[in-house]
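# Observations on the three-dimensional arrangement
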Amino acid sequence: MAASLAPSGFSQSSELVSTVLQLDQRPKTGCKRKISQELATTVVSWFRCNGRDFPWRDTKNPFHILIAEVLLRQTQAPRVVAPYVHLVTTYPDPASLATADVDGLRQWFRPLGLVRRADSLVECAHRLLRDFRGQVPQDLRDLQSLPGIGRYSAQATLCMAFNYSLPIIDESSGRVLRRALGLSDTGPAYRDIRLIEIAGRVVPDSHPRDFNLGLLDIGAAYCHPRTPDCLECPLLERCIVGSQKAGIMRLQV
Ligand code: SF4
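What comes next is a walk through the structure. (Residues numbered from 1 in each chain as written. Predicted model: local features only at pLDDT ≥ 70, side-chain atom pairs only at ≥ 80, totals over all residues.)

## Quick notes on the environment of Ser-184
Structurally, Ser-184 is set in the loop between α10 (171-181) and α11 (193-202). Separated by eleven residues in sequence, Ser-184 and Leu-195 place their C-alpha atoms 9.2 Å apart. (Helix = DSSP H or I, 4+ residues; strand = E, 2+ residues; numbered from the N terminus.)

## Things to note about the environment of Ile-67
Note on placement: Ile-67 falls in helix α3 (residues 62-72). For Ile-67, a count of 28 C-beta atoms within 10 Å translates into the label buried. It is 9.7 Å that separates the C-alpha atoms of Ile-67 and Pro-83, two residues lying 16 residues apart in sequence. If we ignore the near neighbours within four places in the chain, the residues touching Ile-67 are Tyr-84, Leu-87, Val-88 and Leu-121. (Buried ≥ 20, exposed ≤ 12 C-beta atoms within 10 Å, placed from the backbone. Contact = placed C-beta atoms within 7 Å.)

## Quick look at the packing of α3 against helix α4 (residues 77-90)
Where α3 meets α4, the axes come as close as 9 Å, and the angle between the chain directions of the two elements is 140 degrees. The angle between the axes of α3 and α4 places the two elements in the oblique class. Here α3 and α4 pass one another in a crossing that is right-handed. Residues His-64, Ile-67, Ala-68, Leu-71 and Leu-72 of α3 pack against Ala-77, Val-80, Pro-83, Tyr-84, Leu-87 and Val-88 of α4. Residues that form the contact of α3 with α4 fall into these classes: ten nonpolar, one polar and no charged. (Axes fitted to C-alpha atoms, helices over the stretch in contact; angles between N-to-C directions. Parallel < 35°, antiparallel > 145°, perpendicular 65-115°, else oblique. Left-handed = near helix turned anticlockwise from the far one by under 90°. Nonpolar A, V, L, I, M, F, W, Y, C, P; charged D, E, K, R; others polar.)

## Let's talk about helix α9 (residues 151-162)
Helix length check: α9 (twelve residues) gives 16 Å between terminal C-alpha atoms against 16 Å at 1.5 Å per residue, within 8%. The buried fraction of α9 is high, at ten of twelve residues. Listed as buried for α9 are Tyr-152, Ser-153, Ala-154, Gln-155, Ala-156, Thr-157, Leu-158, Cys-159, Met-160 and Ala-161. At its buried positions, α9 is contacted by α3, α8 (140-144) and α12 (208-221). Asn-163, located one to two residues past α9, shows a positive phi value of around 65 degrees. (Expected span 1.5 Å × (residues − 1).)

## Focus on the site of the ligand
If you check the shell around the ligand, you find 14 residues, and the closest are Cys-223, Cys-230, Cys-233, Cys-239 and Gly-242. Those elements that place two or more of their residues in the shell around the ligand are α10 and α13 (240-252). For the shell around the ligand, the leading source of residues is α10, giving three residues. Classifying every residue of the shell around the ligand by side-chain character gives eleven nonpolar, one polar and two charged. (Near = placed C-beta within 6 Å.)

## Description of unusual backbone geometry
With phi around 50 degrees, Gln-74 is a residue other than glycine that occupies positive phi space. For Gln-74, the location among the structural elements is in the loop between α3 and α4. Positive phi, normally seen in glycine, also occurs at Arg-133, with a value near 50 degrees. Positionally, Arg-133 belongs in the loop between α7 (115-131) and α8.

Written as structure tokens, this is what we have:
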């Protein structure tokens, strides 16, 4: 049975829940479109004023973004800053990274627990040179064929580097979206096909990067797994779980 996304003590049964659950039924019209547009607009606006600063967010260089996505896989962003800066300053393009001393790079990465990423990145540089003329491909399958690049990293690269309107769903952003839309937790978010499909229609064509990064940052700042800080969250008025929480607190005073 699917688990609830609500923190303990909060029910998800409401007309709004059932309305939003229809988001996965085409076409996206009327109030469903309005709900997803309002959510997207709020996330984008919040991100533009409050989003976290990381060096890979300041570049449009597709190779540097690809490096960041390989490093960020299942790793907290702050841990990735030092290796990212080291790599893009020492090896700014596939040609230079392909000539890197892999053992030296492994030693550099060892204290960070990222030794295998060194191998993936050097192999990736070789593949880019051999199969893609040194360019980062703009095709999902081509990207996924590269060492160390799964579907998540490929979609993130396409969105961040080339502004493709694709969802980027990990546990953090998935948790925000599930709670905001009143969707059930059916396991790891990155494997939840229904969630990814719904996210694909909520992500705005105009600002996909800011929307995806905004969800990630709201997840990190407010939407904690056990104790979401709903009363401070910018999505409170757009979120089913948050609205229920605020309603219950109002009844208690
Ligand atoms: S209001 Fe914000 S913190 Fe609370 S459940 Fe919704 S998205 Fe998460």
